[in-house]
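A structural walkthrough
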Amino acid sequence: MGRLIWLASYPKSGNTWMRAFLHNLFRNPPKPAGINELDQFCLSESKPHWYLPYTGGQPTESLSLAEIMAIRPRAQQDMTRAFPDSVFVKTHNFLGESHGHPLVNQGVTAGAIYIVRNPLDVTLSAADHFGLTIDQAVDFMATEGAATLNSASNVPEVLSSWSSHVKSWTQNPHPALLVLRYEDMLERPKEAFSRVVSFLRLPPSPQRLDKALRFSSFKELSKQEKKGGFRERSQNSQSFFRVGQRDQWRELLTEDQIARIVTLHREQMQRFGYIPEELQAD
């Protein structure tokens, strides 16, 4: 039985890329790990089968958010039994409470890797993923207490607003928390992912690190999705691995949309260097 290491992020911020990297790093397969096999190494906190033992025979999609929240700590306790060592678990929950229960069971937590991404780019990806217009995505990302839908494939995750999500996970530095910017993962992958290796106190060879990076590259993940599909792709999207670049917002958001996002999220954007130069406060 191991304690949980959370791979946390607001949706569409690089979580799946991190999962693919860690899968290839730890399992060291002879060829790139299949994207539809990622849950064999990194668990997903939102999968209903973790909650079903406590629903009294009801499907999770028939439960209220309050009922899901009451079960959540026990479901996370059960996740510690998945592997004998540390257990990596993906989550998009913000670090807080809902209906009087914690979204993250600290009693079984060993640490967390949190990935933050420029909300100007997240807006575009979130609109595609959730089937929203750009303006609807801006509104959703500014909604305190926002949550994903309850469905047969996933229990709800409580995201809250983008700013609250980022603040909740990053406001209190801790040795057991590693915070990474998605943009640094893109621009300096070897440096960024070496930080992950050091954080996890792993001694892999440079060759193994390079191999894990190659096997989890955007090109490789996109190729696999085009060939065999990806179970986690939203029905609203043409593809899960869309562009794999930064600053798409410069071409696809209007000046008013950019200004509104900055106004809504200025404090956290300032912390991570995301405010466009032309909108920096005097």
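Structure's up top.
No experiment lies behind these values; they were computed from the predicted model shown. (Residues numbered from 1 in each chain as written. Predicted model: local features only at pLDDT ≥ 70, side-chain atom pairs only at ≥ 80, totals over all residues. Heavy atoms only, no water.)

Time to look at the sheet that holds strand 3 (residues 87–91). If you walk across this open sheet you meet the 5 strands as 2-3-1-6-7, and the pairing is parallel. Of all strands in the sheet, those bounded by a partner on one side alone are strand 2 (43–44) and strand 7 (177–181). The sheet contacts of helix 5 (residues 162–170) involve strand 1 (4–9), strand 3, strand 6 (109–116) and strand 7, and relative to strand 6 the element is tilted by about 140°. (Pairing = 2+ DSSP bridges. Helix = DSSP H or I, 4+ residues; strand = E, 2+ residues; numbered from the N terminus. Contact = heavy atoms within 4.5 Å. Axes fitted to C-alpha atoms, helices over the stretch in contact; angles between N-to-C directions.)

The next thing to look at is the packing of aromatic side chains. Geometry of an aromatic ring pair is reported as the spacing of the ring centres plus the angle between the planes. Inspection of every chain in the model, using the stated rule, returns 9 aromatic pairs. Where Phe-26 meets Phe-41, the ring centres are 5.4 Å apart and the plane angle is 35°; that geometry is what we call tilted. With Phe-26 in helix 1 (residues 15–27) and Phe-41 in the loop between helix 1 and strand 2, the pair connects residues that are 15 residues apart, well separated along the chain. Owing to a relative accessible area of 32%, Phe-26 belongs among the partly exposed residues under this scheme. (Phe/Tyr/Trp six-rings, centres within 6.5 Å; stacked < 30°, edge-to-face > 60°. Buried < 20%, exposed > 50% of the residue type's maximum accessible area, 1.4 Å probe, protein only.)

This next bit is on the pattern of salt bridges. This model, assessed by the stated rule, comprises 11 salt bridges. The closest approach of N and O atoms between Glu-187 and Arg-188, which form a salt bridge, is 3.7 Å. With a relative accessible area of 41%, Glu-187 lands in the partly exposed category. Within the structure, one salt-bridge network assembled from shared partners comprises Arg-181, Asp-184, Glu-187, Arg-188, Glu-191, Arg-246 and Asp-247. (Salt bridge = Lys/Arg side-chain N within 4 Å of Asp/Glu carboxyl O.)

What follows deals with the pairing of strand 3. Across the 5 residues that make up strand 3, a large majority, 5, are buried. On strand 3, burial covers both faces: Val-87, Val-89 and Thr-91 on one face and Phe-88 and Lys-90 on the other are all buried. Note that strand 1 and strand 3 share 5 bridges and pair parallel. Along strand 3, the bridge assignment pairs Ala-8 with Thr-91. As paired elements, strand 2 and strand 3 share 2 bridges and run parallel to each other. Bridged to Ser-44 within strand 3 is Lys-90.

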